[in-house]
Every structure is written in structure tokens, then in C-alpha cells.
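Structure assessment
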Amino acid sequence: MSKEFYCPLPFKHAFIDSTGISACCQHTRYNVSLDKWQDHPELIKLQQALLNGKVLGSCQECVKQESIQGKSLRTSSLKDYNHKRFTKTDIDYINYVSFNICNFKCRSCSPVFSHGIGQEAKRNPELKEFFWEPPDSKTVSVDDTNVLWVKENLHKLNRIMFTGGEPTMIPGVKVLLEQIKLEHPRMQVLIISNASFQDEFWYRLTETLPNLHWTVSIDSVGESAGIVRHGSNWNVIEKNVRWLAQNANSLDINSTVSNLTVFHLGPLLTFGRDIQKLSISPSGKHGDLGCRHQFFVCTRPYYLSADNFSEDLLLKAVDYLKNCKKLDLDDEQSQMLDGLITQLSNATYDSVLWEKNQRFNTIIDGIRNENHTSLYKAQA
């Protein structure tokens, strides 16, 4: 790898959740306070590696995404910082996962980000093998010291991202947003949400906070959404996304593509294009580009990887994706499909991973009274 490999996040950004702090969501969390993070030996090691163009282990996830899709969190971050190279730690961007409170139990998620999954794992010990962190049936939160640091250092930040869990379900997020609205109204605020909110607070905030950006996570539409992202009420979600398309100052759709959603990409892509067109209507606020429909092609957990299929399903998936290319697509959607078709065309059947996938999803089916095999039927 040449010295061209570089990422600004370890110099400008901190990811924080109940398990600790890291340079970004891809890296190992460390039990340290934010005021001491810049001197942490692992952060310094990572920074030095990047300045020398070296790729450490956790950075391989971005390398993998770039090889498959041509873009990653690293490439997006480079654009965010205008491709500037930093050499010293100066945190101006916090990704704040304050609680794991969530009203969804997505099949590609874990107890760290959903207390409901933690509860399931506690009640069903056979699920423990599928989660790298010890499942906890309780809600877990950021250390009080780091919560205080965020509140006291808002004036130093240019951006703050609220994720979760589901941030619209977390009371402390509301309090912090009220503080930002009152004291730092020009700060860039990003909320990543499952778009299930019904509290009037979020509609008022959208209309009054000028630099608020929404990213709505949608992996599937209609009935299948309830299996992929358990807890989904598609009617509420669709209503909210359409409202945001017409009223939010900034909106993206983010979709995780796993082997549970490949055969339902057609309706998802069509919905994405519909929302894009709605967002550039006279009542929209997104200019000529509309909202962005971006993708993360799942590589972890490996058993949910987008190319982990039985031999017959691999062939059917490639044919299905080729048919999806005939849809009305934007460039990003089309490029994602091209990369996915190549990935699946080159994939080989891995019996161990496929059997683990089936074991996991069958256990979940039994707990939630669902049938994941319906997701392997192609949707036009």
C-alpha cells in the first residue's frame, strides 16, 4: 500500500459508545476518557501508521469496501475534510452513541446497539455464539465522564452525530439537542435514525434547526422490512421518510445489503429513487441533487455477508441483480449493483458460513415467529 492511503478520522473524530472510545466505528473501543484519548498509545500508533501509508487491521474493512464498491467510510471522510492531511489530534467531530436503547431488533445488529437483542440473547443462550460482546439484557450507556466532556466541549465541535440504539428514543439526546439549538445553532448535527419516530419534537426540530441532517436506515421495504428490521411499522416509516424528503434541509437513505436483503433490492431501489425525486420537487429543500441513497455491503458478521448463499441461491441472486439493472437507477445505485454482481459472480459456496447463517436465522425465526426463508424469494 502506498503513502496515498490516509484517513482523517483518527485525527479529527472520536466514536464513543458504552464500550469505550475509538477513532471510528470500525476500530476496537478502549476504556478511556475523551480528555485523555489524544494521548492513548493505540490512537498514536494508528495515526503514525496512516502518516506512513500503512493499513492496520481494522482499516481493512474500508479497504474491502473500496475494492467491492469503490468507496468506504474512509473515502467519504476524505471528502468531508476536503482531502486535507492532518498530523495532530484535534477532535471536532463526535459520533455519539449514548445508549443502546432501540425499538428495533435488526438481524444484522447486536446487543451493543440494541437492548432488545440483548434481552433476547439473555433469554436464549444459544444466541451467544453469534455476538462477539457479552450480551446484556440491560440498557448500557456512555460513561458519565464522557457525557460531561461532550456537554462541556460542544463549543469546540463542528459536527456531532447521534446514533444508537435509536436516537429518537433516547431522552438524553433530546436534552443535548435543545442545548445545541439554544447555544450552538450553527453546529452541523447528524441523526441516523430508523425513521420510526412519532413524537412531535422531531418534526419541530427538523423545521427549526438549520444544519440538521437526517440519515434514515432502510434495508428493505414493505412486509420484508419487519423481518430484516424487527419492530418496523412500514406505514410509519414510509410516511416519515416522505415527510423528511419534503421538509428536511438534508436527507440521505442508508441501506445495508446482506444476504437477507439481496432478493428485495428491486423495491428498495425503486423506493429510493421515488424519495430522491420527491426531495427535488418544488416543495423539497435538496436542490438539484435530491437525497443520496448510499449503501454498505455487509461483510461482517460473515455469515450475513451479501455473498454468503447456497450454490443455487448464488446463481439466482446474480440473475436477479442483473434484472435490477433495468430499473430507473441513479449512478450510486447502479455502481452498487455492478459491484455486487461482480462480488456474487466471483463468490464460492462456503458450507460452514451458510450453515451458520441458517442456524442463526432459524433460531431468530423461532423466537420472533417469523420465516426468514421468505426473504430468498425474488421481489420485482
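Here's a quick rundown of the structure. (Residues numbered from 1 in each chain as written. Predicted model: local features only at pLDDT ≥ 70, side-chain atom pairs only at ≥ 80, totals over all residues. Heavy atoms only, no water.)

Examining helix H15 (residues 351-368)
Along its 18 residues, H15 runs 26 Å from first to last C-alpha, staying within 8% of the 26 Å computed at 1.5 Å per residue. Considering only its buried residues, H15 is in contact with strand S4 (105-106), helix H6 (115-123), strand S8 (229-230) and helix H13 (311-324). Capping the start of H15, Asp-350 holds a side-chain oxygen 3.1 Å from the backbone nitrogen of Val-352, two or three residues further along. Of the residues flanking the end of H15, it is Asn-369, one or two places downstream, whose phi is positive at about 55°. (Helix = DSSP H or I, 4+ residues; strand = E, 2+ residues; numbered from the N terminus. Expected span 1.5 Å × (residues − 1). Contact = heavy atoms within 4.5 Å. Polar contact = N/O pair within 3.5 Å; in protein donor to acceptor, adjacent residues only side chain to side chain.)

Some points on the pairing of strand S5 (residues 159-162)
On S5, burial covers both faces: Arg-159 and Met-161 on one face and Ile-160 and Phe-162 on the other are all buried. By the bridge criterion, four bridges tie S5 to strand S6 (residues 188-193) in an arrangement that is parallel. Looking at S6, one finds that Met-161 is bridged to Leu-190. (Buried < 20%, exposed > 50% of the residue type's maximum accessible area, 1.4 Å probe, protein only. Pairing = 2+ DSSP bridges.)

Digging into the environment of Leu-340
Here Leu-340 shows up in helix H14 (residues 331-346). For the pair formed by Leu-340 and Gln-69, sequence separation is 271 residues and the distance between their alpha carbons is 7.7 Å. Once residues lying within four places of it in the same chain are set aside, the contact partners of Leu-340 are Gln-69, Val-257, Leu-265, Val-297, Ala-306 and Leu-321.

Details of the packing of helix H12 (residues 265-279) against H13
Relative to each other, H12 and H13 sit at 25°, their axes nearing to 10 Å. When the axes of H12 and H13 are compared, the pair comes out roughly parallel. Of the two possible hands of crossing, H12 and H13 adopt the one that is right-handed. Here H12 contributes Leu-265, Gly-266, Pro-267 and Leu-269 to the contact with H13, which in turn contributes Tyr-320, Leu-321 and Cys-324. A class-by-class count of the residues in the contact of H12 with H13 yields six nonpolar, one polar and no charged. (Axes fitted to C-alpha atoms, helices over the stretch in contact; angles between N-to-C directions. Parallel < 35°, antiparallel > 145°, perpendicular 65-115°, else oblique. Left-handed = near helix turned anticlockwise from the far one by under 90°. Nonpolar A, V, L, I, M, F, W, Y, C, P; charged D, E, K, R; others polar.)

Observations concerning the pattern of salt bridges
Tallied over the full model, the rule gives 20 salt bridges. In this structure, Asp-90 engages Lys-12 in a salt bridge whose closest nitrogen and oxygen atoms are separated by 3.3 Å. Placement of the pair is Asp-90 in the loop between helix H5 (73-80) and strand S3 (93-96) and Lys-12 in helix H1 (residues 9-12), with a sequence separation of 78 residues. Classification of Lys-12 by relative accessible area gives buried; the value is 7%. With a closest N to O distance of 2.7 Å, Lys-277 and Asp-328 form a salt bridge. Of this pair, Lys-277 sits in helix H12 while Asp-328 is found in the loop between H13 and H14, placing the two residues 51 residues apart along the sequence. By relative accessible area, which is 44% here, Lys-277 ends up partly exposed. A single salt-bridge network, built from bridges that share partners, covers Lys-12, Asp-90 and Asp-92. (Salt bridge = Lys/Arg side-chain N within 4 Å of Asp/Glu carboxyl O.)

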